[in-house]
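Chain and residue survey
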Amino acid sequence: MIDQVVSSGGGWCLCRQGSYTSCAWNPENIVKVPFIPALRSMLYEAKHATSLSHSNGVKTKTSYQIFHEMLSWYLRHREHCGSYFFYGLDVSGNRPEEYVSANEVLRYRKLRDGAEYNSSRLSYSCLLNDKLLFWRHMQNHGVPTPKIYGHLAYGKVFDPGNWGENSLVKLLPHCNSTLIKERYGGQSGKGRGGPEFVFFVVPSIESCGNQDSGASFYRQLPQSVKSGHWIIQELVAQHPLIAELNESSVNTLRIQSFHTAGKVVIPSMVLRVGKPGNFVDSRWLGGYCCEIDLSSGKLTGRISYRSKEQNRERNPEISRKTCNLPIPFFNETLSIIKQAHQSLEFIPSIGWDVAITMDGPIVIEGNDNWSLASLQSFQGARKILNEIDPEMFAPS
């Protein structure tokens, strides 16, 4: 939620997004829980699972079945399945064998990344993790991305086009809305400086066209921004059809792509929608994601929340609203992602964040450290990943 709003005399508004739990599917955040603590957690979760009832009459498994499946998962994958209820594995008929574990994805990245480029001791992931390099790389390959107006580095402002030092007054004369993001990292909204979003909203072109407004803008920057590496980026205006689901956040597509056998394969795509009033489309801050039928380019009406309570209750109104809703520029989006990943062929798999505007898709960022959250929100990913890489994702 938004916990602070500060307005300056120059017409700028600073909004700071509150903290939230880090993404459980991030491999760097995986905690290898010892067996005894994991066993206790399994017993507790299985015991209390049946206290939550599905409002739509869906039949759930018994506490014994849930505990048995959690224990089997731990013994098979050497990890506690913290996503058991998120995946809906407590629902009768859903089979854990159809789902991929986080450790399997870790192994895939380690082996496939090493086979692709570690022989030359190079890592191309910097082109994804450095937002400024990413922007320049995508520009060079004709992939549309949000415009970057400037680069803030230790109290100085640089022009992103020629790396020369410049002033905010010269860099911001044509902007209506901007946001400031950490230059490095930032997957799932969490940068190296902490799980925080900082937005600067410019109400009008006139407000940033004079020296006083530029100075006012800089004075409002937190000290952490003045002392680190940040980028000033265009705030994307999303397509009205997407904005109808929630206009306070830029609702983005999370697209998973794999570069294999010389071609790009896209097995999964979901639409992430923010909670009303939030700037961010994250499920970790109360939002939800919608399933997309890749054969038609339409939403199916199935939605997924972060919490198991919300996933049990669902939301019939949202389901009706999203059912058969077409994604604008769907085919163009697929083409853009394939074009973008072809330019990064040395990175085997990428999770892309794409915004849809009135003019078409815009690639916000790509993550080599992608999560299983979107890939397995509505069904297990083992079958589709096994088709892409049978050696890595064979049925367990």
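Here, residues in each chain are numbered from 1, in the same order as that chain's written sequence. Per-residue local features of the predicted model are confined to residues with pLDDT of at least 70, and side-chain atom pairs are confined, for both listing and counting, to 80 or more; whole-chain, interface and lining totals are unaffected and use all residues. Hydrogens and water are ignored here; the side-chain numbers use all heavy atoms of the structure.

**As for the overall build of the protein**
The numbering of helices and of strands both runs from the N terminus, where a helix is a DSSP run of H or I of at least 4 residues and a strand a run of E of at least 2. When you go through the protein residue by residue, the secondary structure sums to 13 helices and 13 strands. Per-residue burial over the protein gives 52% buried out of 396 residues. Working rule for contacts: check all heavy atoms of both residues, and any pair within 4.5 Å makes them a contact. Partitioning the intrachain contacts of the protein with sequence separation of at least 6 by distance along the chain shows that 66% fall at a separation of at least 24. Working note: accessible area of the protein is about 18200 Å², and carbon and sulfur atoms make up 52% of it. Each residue is placed in one exposure class: buried if its accessible area under a 1.4 Å probe, protein chains only, is under 20% of its type's maximum, exposed if it is over 50%, and partly exposed if it falls in between. Exposure was quantified through the Shrake-Rupley algorithm and a 1.4 Å probe, taking into account, for residues, occlusion by the shown protein chains and nothing else.

**So, the confidence of the model for the protein**
On average, residues of the protein score 78 in pLDDT, and 71% of them reach the 70 mark or higher. For the protein, strand β1 (residues 2-7) is the element with the lowest average pLDDT, namely 29, and helix α12 (residues 330-342) is the one with the highest, namely 97. Known as pLDDT, the predictor's confidence for each residue is given on a scale from 0 to 100. Note on residues 1-31: pLDDT is under 50 here. Beyond four places in sequence and across chains, it has 96 contacts. Low confidence marks residues 187-209, where pLDDT is under 50. Its contacts with residues over four positions away, or in another chain, come to 76 contacts.

**Focus on α12**
The end-to-end C-alpha distance of α12, which contains 13 residues, comes to 19 Å, matching closely the 18 Å that a straight helix rising 1.5 Å per residue would cover. Buried residues of α12: Phe330, Thr333, Leu334, Ile336, Ile337, Ala340 and His341, and no others. Down the axis of α12, the buried set is contained in an arc of 165°. They therefore lie on one face. Here the buried face of α12 lies against α5 (131-140), β8 (253-260), β9 (263-273), β10 (288-293), β12 (349-357) and β13 (360-367). Here the expected length of a helix is defined as 1.5 Å per residue gap, with one fewer gap than residues. Working definition: the arc comes from the directions between the helix axis and the C-beta atoms, pointing outward to the latter.

**Quick notes on the packing of helix α1 (residues 35-49) against helix α2 (residues 63-77)**
Only C-alpha atoms enter the line fits that serve as axes; for helices the fit covers just the stretch in contact. Angles between N-to-C directions range over 0 to 180 degrees. At a closest axis distance of 8 Å, the pairing of α1 and α2 adopts a crossing angle of 155°. Comparing the axis directions of α1 and α2 gives the class roughly antiparallel. As for how α1 packs across α2, the hand of that crossing is right-handed. Residue-level inspection shows Phe35, Ala38, Leu39, Met42, Leu43, Glu45, Ala46, Lys47 and Ala49 of α1 in contact with α2, the latter providing Ser63, Ile66, Phe67, Met70, Leu71 and Tyr74. Between 65 and 115 degrees an angle is taken as roughly perpendicular, under 35 as roughly parallel, over 145 as roughly antiparallel, and anywhere else as oblique. Note on convention: near helix rotated counterclockwise from far helix by under a right angle means a left-handed crossing. Clockwise means right-handed.

**Digging into the state of the cysteines**
Note on terminology: disulfide denotes any pair of cysteine sulfur atoms within 2.5 Å. Tallied over the entire structure, the rule returns zero disulfides. Residue Cys289 stays outside any disulfide, its sulfur separated by 6.8 Å from that of Cys290, the closest cysteine.

**Some points on α5**
Listed as buried for α5 are Lys131, Leu132, Phe134, Trp135, His137 and Met138. Here a polar contact means two N or O atoms within 3.5 Å. Within protein one must be a hydrogen donor candidate and the other an acceptor candidate, and residues neighboring in sequence count only if both atoms are side-chain atoms. Between a side-chain oxygen at the N-terminus of α5 and the backbone nitrogen of Leu132 the separation is 3.0 Å; the capping residue is Asp130. Following α5 by one or two positions, Gly142 adopts a phi angle in the positive range, close to 70°.

**Concerning the nonpolar core**
Side chains of nonpolar character tend, in soluble globular proteins, to be buried together. Of all hydrophobic cores here, the largest spans 35 residues; its most connected members are Leu253, Leu271 and Trp352. Breaking this core down by element, the ones donating at least two residues are α4 (126-129), α5, β8, β9, β10, β11 (298-305), α12 and β12. With sequence-adjacent residues up to four places away left out, Leu271 is seen in contact with Ile242, Leu245, Asn251, Thr252, Leu253, Tyr288, Cys289, Cys290, Ile292, Leu299 and Ile327. Nonpolar cores are built from buried Ala, Val, Leu, Ile, Met, Phe, Trp, Tyr and Cys residues. Side-chain atoms within 4.5 Å join them into one set.

**What to know about the pattern of salt bridges**
We define a salt bridge as a side-chain nitrogen of Lys or Arg found within 4 Å of a carboxyl oxygen belonging to Asp or Glu. This model, assessed by the stated rule, comprises nine salt bridges. When the shortest N-O distance is used, the salt bridge between Arg382 and Glu104 registers 2.7 Å. You can see Arg382 sitting in helix α13 (residues 382-388) and its partner Glu104 sitting in helix α3 (residues 102-117), a full 278 residues away along the chain. Comparing Arg382 with Glu104, the two get one shared label, buried. Arg183 is the salt-bridge partner of Asp130, the closest N and O atoms lying 2.8 Å from each other. One end of the pair, Asp130, is in the loop between α4 and α5; the other, Arg183, is in the loop between β5 (178-182) and β6 (197-201), with 53 residues separating them in the sequence. Owing to a relative accessible area of 8%, Arg183 belongs among the buried residues under this scheme. The network of salt bridges with common partners includes Arg254, Arg272, Asp281 and Asp353.

**Considering the environment of Leu111**
Relative to the assigned elements, Leu111 resides in helix α3. Sequence separation between Leu111 and Met392 is 281 residues, and the spatial gap between their C-alpha atoms is 9.0 Å.

**So, unusual backbone geometry**
Positive phi values are uncommon outside glycine, yet Ala261 reaches one of about 55°. If you trace the backbone, Ala261 turns up in the loop between β8 and β9. For Ala261, a relative accessible area of 78% gives the class exposed.

**Focus: the sheet that holds β9**
Across a sheet, paired strands are connected by hydrogen bonds in the backbone, their directions being either parallel or antiparallel. The strand order across the open sheet formed by six strands is β11-β10-β9-β8-β12-β13, and the pairing between neighbours is antiparallel. Of all strands in the sheet, those with a lone pairing partner are β11 and β13, marking the two edges. Across the sheet, the mean angle separating the axes of adjacent strands is 30° when strand polarity is ignored. Across six bridges, β8 lies against β12 in antiparallel orientation. Note on β12: the bridge partner recorded for Ile255 is Trp352. Packing of α5 onto the sheet brings it into contact with β12 and β13, and relative to β13 it is tilted by some 135°. Strand pairing is assigned whenever DSSP detects at least two bridges linking the two strands.

**Here's the deal with the pairing of strand β3 (residues 148-153)**
When you tally the buried positions in β3, you get six out of six residues, the bulk of the element. As judged from the five bridges shared by β3 and strand β7 (residues 229-234), these two strands associate in the antiparallel manner. Of the residues in β7, the one forming a bridge with Ile148 is Gln233. Strand direction decides the pairing type here: β3 and strand β4 (residues 156-158), joined by three bridges, are antiparallel. Bridging from a neighbouring strand, His151 pairs with Phe158 of β4.

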